[in-house]
Amino acid sequence: MPPDRGRASKACATCRKIKTRSGGHGKVSFNPSSSSETIPAEVRKSPLLLCACCLIAVRHTTQDSASTLAPRLFQEARTLLSAHLLDVPQSIEFFQAAVVLSMWSTTIGQTPLSINSYEGFAPVMTGSEGQAASLSKSELDRWCVWNHLCLVHLHYCVGTRRRAILDWIQTRMVAEVMLYWIIYESCSAAQVDLPKTQSALREWRQEWKFLFDQPRSQFIQIGFHFARLLVYDQALKSRSAAMTRLSAAIIQLALDTADLRTRHLSDHIYHMITFAAVTLCRLLHMYEDQLASTHRIMELDSLVLTLVTWLHSIGLPCHVAHTLGDVVAAFHENPRTNAHPSPYDQVQDDIGLYFPELLGIETFDGGNFDFIPDWDPYIPGPAT
């Protein structure tokens with residue numbers, strides 16, 4: 001049967017979106033020399049990879065297409081993933097699909113941290129990663145996919161306080177993975193050793209400082225700020241001025257460096273920005289009088305509202321930024337009802353289900369939740 005020209009055209013259009021969304025194929029290791037017209041043939045080798053890529057693309061087409069097609073594609077992706085989970089050996093296309101499903105899980109599932117693909121097939125991946133010792137193109141592709149799986153897995157473990165199923169040798173890959181490993185090891189301990197962790201972060205910063213001078217270095221900077229902020233949050237009984245500065249720096253950096261590619265970022269970038277905004281909301285609520293001596297409260301308050309407006313302006317209503325913009329708006333409105341009025345009056349009833357471990361929501365019987373943790377008095381001086 002001759003190919004349907006309409007479907008072929010849609011396939012090429014979808015693959016052009018995939019090429020853009022994946023940052024020039026880097027995250028999923030498509031051949032850089034492949035054109036948007038030849039990628040469909042590559043993707044078609046794996047129904048799971050095709051389904052995963054279409055799930056991302058459809059979220060950036062129209063709201064009607066997203067509402068109609070995304071739920072069906074999501075269910076099909078889950079079915080295909082389950083069906084192939086125990087196949088050995090797995091193809092590179094299977095792991096490419098896993099990267100897509102994991103790194104854009106909030107976009108795909110419309111619920112933060114909804115898919116952590118790594119945990120289900122770690123034994124399979126362990127059997128494959130030893131092959132990456134050579135420097136052939138196919139093996140380098142395996143390294144690239146493995147790096148991103150490690151990164152997203154550690155991000156999920158930090159966000160949900162789950163135990164990681166990686167060891168140190170497997171994570172000596174890229175700077176961001178190493179940074180997350182420092183966070184994970186520190187925050188998974190019974191008690192955070194703040195001086196030791198700060199020293200590890202300084203050493204990491206020194207080792208990878210050349211990355212901070214490269215184009216689009218804002219993401220590695222946001223990650224570094226997030227690491228310091230999260231460690232302070234876990235280690236200190238009393239909140240310090242450093243947390244206010246770091247929270248504001250993350251938000252401002254996100255706003256100042258936004259461009260046309262911002263809406264195509266993987267979800268974990270938005271998770272870090274959201275954590276910074278939620279932390280700043282809590283600091284403003286708990287320590288407004290103390291902060292007023294060193295900060296302009298109205299400016300900090302306005303920064304949060306500007307962030308919410310910015311998040312709600314990104315992509316379609318089904319975009320992860322809209323979901324997390326609602327989260328930030330809810331945190332801003334609930335603790336700070338007497339602050340600068342918020343234009344967002346709707347607080348989601350199920351906000352307590354959004355990775356409560358990372359955001360520190362206290363959930364009570366009956367589904368109620370508390371936005372404000374039990375923090376001690378504010379420390380105006382250095383955190384250490």
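This report concerns the structure included in the present document. Remember, predicted model here, so these are calculated numbers, not experimental data. (Residues numbered from 1 in each chain as written. Predicted model: local features only at pLDDT ≥ 70, side-chain atom pairs only at ≥ 80, totals over all residues. Heavy atoms only, no water.)

Some thoughts on the side chain of Ser 217
Alright, step 1. With respect to the helices and strands, Ser 217 occurs in the loop between α10 (194–207) and α11 (218–235).
Alright, step 2. Side-chain polar atoms of Ser 217 contact the side chain of Gln 221, separated by 2.9 Å.
Alright, step 3. Discounting chain neighbours no more than four positions away, the residues touching Ser 217 are Leu 211 and Phe 212. (Helix = DSSP H or I, 4+ residues; strand = E, 2+ residues; numbered from the N terminus. Polar contact = N/O pair within 3.5 Å; in protein donor to acceptor, adjacent residues only side chain to side chain. Contact = heavy atoms within 4.5 Å.)

Points about the environment of Gln 221
Alright, step 1. Tracing the chain through its elements places Gln 221 in helix α11.
Alright, step 2. Spatially, the C-alpha atom of Gln 221 lies 8.3 Å from that of Ile 250, the residues being 29 residues apart in sequence.
Alright, step 3. When sequence neighbours within four positions are dropped, the list of residues in contact with Gln 221 reads Phe 212 and Leu 253.

Observations concerning the nonpolar core
Alright, step 1. Within the largest apolar cluster, 100 residues are counted, with the highest numbers of intra-cluster contacts made by Trp 204 and Phe 226.
Alright, step 2. If one sorts the elements of this core by residue count, helix α13 (residues 267–291) sits on top with 14 residues.
Alright, step 3. Not counting residues within four places of it along the chain, the set of residues in contact with Trp 204 comprises Ala 175, Met 178, Leu 179, Ile 182, Phe 212, Ile 220 and Phe 224. (Core = buried A, V, L, I, M, F, W, Y, C linked by side-chain atoms within 4.5 Å. Buried < 20%, exposed > 50% of the residue type's maximum accessible area, 1.4 Å probe, protein only.)

Digging into the pattern of salt bridges
Alright, step 1. Here the structure, examined in full by the defined rule, presents 2 salt bridges.
Alright, step 2. Residues Asp 259 and Arg 216 are paired through a salt bridge, measuring 2.6 Å at the closest nitrogen-oxygen approach. Within this pair, whereas Asp 259 is found in the loop between α12 (241–256) and α13, its partner Arg 216 is found in the loop between α10 and α11, the two being separated by 43 residues in sequence.
Alright, step 3. Among the residues examined, Asp 259 registers a relative accessible area of 35% and is labelled partly exposed.
Alright, step 4. Notably, a salt bridge pairs Arg 296 with Glu 299, separated by 3.8 Å at the nearest N-O pair.
Alright, step 5. For Arg 296, a relative accessible area of 61% puts it in the exposed group. (Salt bridge = Lys/Arg side-chain N within 4 Å of Asp/Glu carboxyl O.)

A word on the packing of aromatic side chains
Alright, step 1. Within the structure shown, the criterion is met by 8 aromatic pairs.
Alright, step 2. Aromatic pair Tyr 180 and Phe 226: ring centres 6.5 Å apart, planes at 40°, arrangement tilted. Taken together, the positions of Tyr 180 in helix α9 (residues 175–187) and Phe 226 in helix α11 put the pair 46 residues apart, joining distant regions of the chain.
Alright, step 3. Look at Phe 226 and you get buried, because its relative accessible area is 2%.
Alright, step 4. A network of ring pairs unites the aromatic residues Tyr 180, Phe 226 and Phe 275 as a single cluster.
Alright, step 5. Lying over the aromatic face of Phe 212, Arg 205 brings its terminal NZ or CZ to 3.7 Å of the ring centre. (Phe/Tyr/Trp six-rings, centres within 6.5 Å; stacked < 30°, edge-to-face > 60°. Lys NZ or Arg CZ within 6 Å of the ring centre and 35° of its normal.)

Here's the deal with the side chain of Asp 301
Alright, step 1. Considering the arrangement of structural elements, one finds Asp 301 in helix α14 (residues 297–311).
Alright, step 2. Of the residues examined, Asp 301 reaches a relative accessible area of 1% and is grouped as buried.

Notes on helix α3 (residues 47–58)
Alright, step 1. For α3, spanning 12 residues, the distance from its first C-alpha to its last is 16 Å, which sits close to the expected 16 Å at 1.5 Å a residue.
Alright, step 2. With 9 of 12 residues buried, α3 is to be regarded as a mostly interior element.
Alright, step 3. For α3, the complete set of buried residues consists of Leu 48, Leu 49, Cys 51, Ala 52, Cys 53, Leu 55, Ile 56, Ala 57 and Val 58. (Expected span 1.5 Å × (residues − 1).)

As for empty space enclosed by the protein
Alright, step 1. Within this structure, the stated rule accounts for 4 cavities of 30 Å³ or more.
Alright, step 2. The volume enclosed by the largest cavity comes to roughly 90 Å³.
Alright, step 3. Along its surface, the largest cavity is lined by 14 residues, and Phe 219, Ala 254, Thr 257, Thr 262 and Leu 265 are the ones closest to its centre.
Alright, step 4. Every element with two or more residues in the lining of the largest cavity is listed here: α11 and α13.
Alright, step 5. Classifying every residue of the lining of the largest cavity gives 9 nonpolar, 3 polar and 2 charged. (1 Å grid on protein atoms, 1.4 Å probe; cavity = no way out; pocket = protein on both sides within 12 Å on 5 of 7 lines; lining within 4 Å. Points joined across faces, edges and corners; volume = space filled by probe spheres on them. Nonpolar A, V, L, I, M, F, W, Y, C, P; charged D, E, K, R; others polar.)

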